[in-house]
Amino acid sequence: MTSSTVPPEGRLVLLRHGETEWSLSGQHTGRTDIPLTSHGEELATAAGRLLTGYHFSLALASPLQRAKRTAELAGLATQPDADLLEWDYGGYEGRTTADIRSELGYDWTVFEHGVPAGDTPGETVEEVAARASRVVRRAVAAMSDGDVALVGHGHCLRVLATVFLRQEPRMGAQLLFDAGSVSVLQFEREEPAIRVWNHGPAVSARPS
C-alpha cells in the first residue's frame, strides 16, 4: 500500500474456534476434523456476542467442523476457504509439545523447527504464511466495503496476523490466541495495526 492509497476503513475480525478435546489436552490439531466440546460451544456462542456492532461485508471460515460450528454459533454466515485450514502438522499431528520435546531432547517449537512428514506432508511456517497471504489479500479488498470476519485455527490465524501486520511469520509464536477468542486488526492511517488481541469470555491461565 503506497502513501497515496487510502486504506480501507473496515476491521479484520479473527475468531479462533472454540475448545476441542485436543486443544484442551494440548495436542496439535491440524487436519484432524474433531468437534467442539460442550464448553467449546459455549465459548463460540459467547464470542458471537463480542461481534455486536460489526457490519461484515465478507465472512470466511476454515472448512473443518470445529471452525464451521464456531461460526454458526457466533451467528456468522460464512463461506468456506481452504486457505484458513490449520497448519499441517504432518508427523506431529495429535502429539503434544511436551511429548515431542521429550523425544527430540531439545526445546522444539513448530514456529522455529517445523514438522516432519507423516500421514500428511506437513508444512513450513513459510507455506502457512503463503496461504495466509491469499486470505489477507481477499480480506483487505473486502474491507473497503465493511468489516471482514475470519473463523479458523490458532496457529494459522497467528501467522495470518503477522502477514497483515507485514511482520516475519515467526512472530506468530509471540501472539497467544485462546480457543473461542476474538482479535481485531485494522489500518491506522496507512499502517496495519492491532486494535484488540485475544479478547474472549474466558481467557484462562491455561489456554486451550
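That block above? That's the structure.
Below, the structure is looked at part by part. (Residues numbered from 1 in each chain as written. Predicted model: local features only at pLDDT ≥ 70, side-chain atom pairs only at ≥ 80, totals over all residues. Heavy atoms only, no water.)

## Topic: the environment of Thr29
Then step 1. By the secondary structure assignment, Thr29 is in the loop between α1 (21-25) and α2 (38-49).
Then step 2. Separated by 132 residues in sequence, Thr29 and Ala161 place their C-alpha atoms 19 Å apart.
Then step 3. At 3.0 Å, the side chain of Thr29 forms a polar contact with the backbone oxygen of Gln27. (Helix = DSSP H or I, 4+ residues; strand = E, 2+ residues; numbered from the N terminus. Polar contact = N/O pair within 3.5 Å; in protein donor to acceptor, adjacent residues only side chain to side chain.)

## Points about the nonpolar core
Then step 1. Leu12, Leu14, Val148, Leu150, Leu160 and Phe164 are the most contacted members of the largest nonpolar core, which has 23 residues in total.
Then step 2. Looking at this core, the elements that each hand over two or more residues are β1 (12-16), β2 (56-61), α6 (125-142), β4 (147-152), α7 (154-164) and β5 (182-188).
Then step 3. Of the residues forming this core, the biggest block, six residues, is contributed by α6.
Then step 4. Here Leu12 is in contact with Ala139, Met143, Val148, Leu150, Leu160, Phe164, Ser183, Val184 and Leu185, once residues within four sequence places are set aside. (Core = buried A, V, L, I, M, F, W, Y, C linked by side-chain atoms within 4.5 Å. Buried < 20%, exposed > 50% of the residue type's maximum accessible area, 1.4 Å probe, protein only. Contact = heavy atoms within 4.5 Å.)

## Some points on the packing of aromatic side chains
Then step 1. Enumeration over the complete set of coordinates arrives at six aromatic pairs.
Then step 2. Taken together, a centroid distance of 5.8 Å and an interplanar angle of 10° make the contact between Tyr54 and Phe56 stacked.
Then step 3. A residue is classified by how much of its surface remains accessible, and Tyr54, at 18% relative accessible area, is buried.
Then step 4. Ring geometry for Trp87 versus Tyr89: centroids 6.3 Å apart, planes at 20°, classification stacked.
Then step 5. You can call Tyr89 buried: its relative accessible area is 2%.
Then step 6. Members of the aromatic cluster, each reached through a chain of ring pairs, are Trp87, Tyr89 and Phe111. (Phe/Tyr/Trp six-rings, centres within 6.5 Å; stacked < 30°, edge-to-face > 60°.)

## Remarks on the layout of surface pockets
Then step 1. Roughly 720 Å³ of internal volume is contained in the largest pocket.
Then step 2. Lining the largest pocket are 33 residues, and of these Gly26, His28, Thr97, His155 and Arg158 lie nearest its centre.
Then step 3. At the level of secondary structure, the elements contributing two or more residues to the lining of the largest pocket comprise α1, α4 (97-104), α5 (110-113) and α7.
Then step 4. The dominant element in the lining of the largest pocket, judged by the number of residues it contributes, is α1, at four residues.
Then step 5. In terms of residue class, the lining of the largest pocket is built from eleven nonpolar, 15 polar and seven charged. (1 Å grid on protein atoms, 1.4 Å probe; cavity = no way out; pocket = protein on both sides within 12 Å on 5 of 7 lines; lining within 4 Å. Points joined across faces, edges and corners; volume = space filled by probe spheres on them. Nonpolar A, V, L, I, M, F, W, Y, C, P; charged D, E, K, R; others polar.)

## Describing the pairing of β5
Then step 1. The buried fraction of β5 is high, at six of seven residues.
Then step 2. Of the strand pairs in this sheet, β1 and β5 are connected by four bridges, and their pairing is antiparallel. The residue bridging Leu14 from the neighbouring strand is Ser183, located in β5.
Then step 3. Two elements, β5 and strand β6 (residues 191-199), share six bridges in a ladder whose sense is antiparallel. The residue bridging Glu188 from the neighbouring strand is Glu191, located in β6.
Then step 4. Connecting β5 to the antiparallel partner β6 that follows it, the hairpin turn spans two residues, and Arg189 within it adopts a positive phi of roughly 55°. (Pairing = 2+ DSSP bridges.)

## Let's talk about the environment of Thr32
Then step 1. When you line up the elements, Thr32 lands in the loop between α1 and α2.
Then step 2. Along the primary structure Thr32 and Val125 are separated by 93 residues, whereas in three dimensions their C-alpha atoms are 19 Å apart.
Then step 3. Excluding anything up to four places from it in sequence, Thr32 contacts Trp22, Arg66 and Glu93.
Then step 4. A polar contact is formed between the side chain of Thr32 and the side chain of Glu93, at a distance of 2.5 Å.

## Observations regarding the side chain of Asp81
Then step 1. On the secondary structure map, Asp81 appears in the loop between β3 (79-80) and α4.
Then step 2. Once residues lying within four places of it in the same chain are set aside, the contact partners of Asp81 are Leu60, Ala61, Ser62, Pro63, Val135 and Arg138.

## Quick word on the pattern of salt bridges
Close approach of charged atoms allows side chains with opposite charge to pair.
Then step 1. Across all of its chains, the model carries 13 salt bridges by this definition.
Then step 2. Measuring nitrogen to oxygen at the nearest pair gives 3.9 Å for the salt bridge that ties Arg101 to Asp107.
Then step 3. Of the residues examined, Arg101 reaches a relative accessible area of 30% and is grouped as partly exposed.
Then step 4. If you follow the salt bridges from partner to partner, you end up with Arg31, Glu123 and Arg131 in one network. (Salt bridge = Lys/Arg side-chain N within 4 Å of Asp/Glu carboxyl O.)

All we've got here are geometric facts, nothing functional implied.
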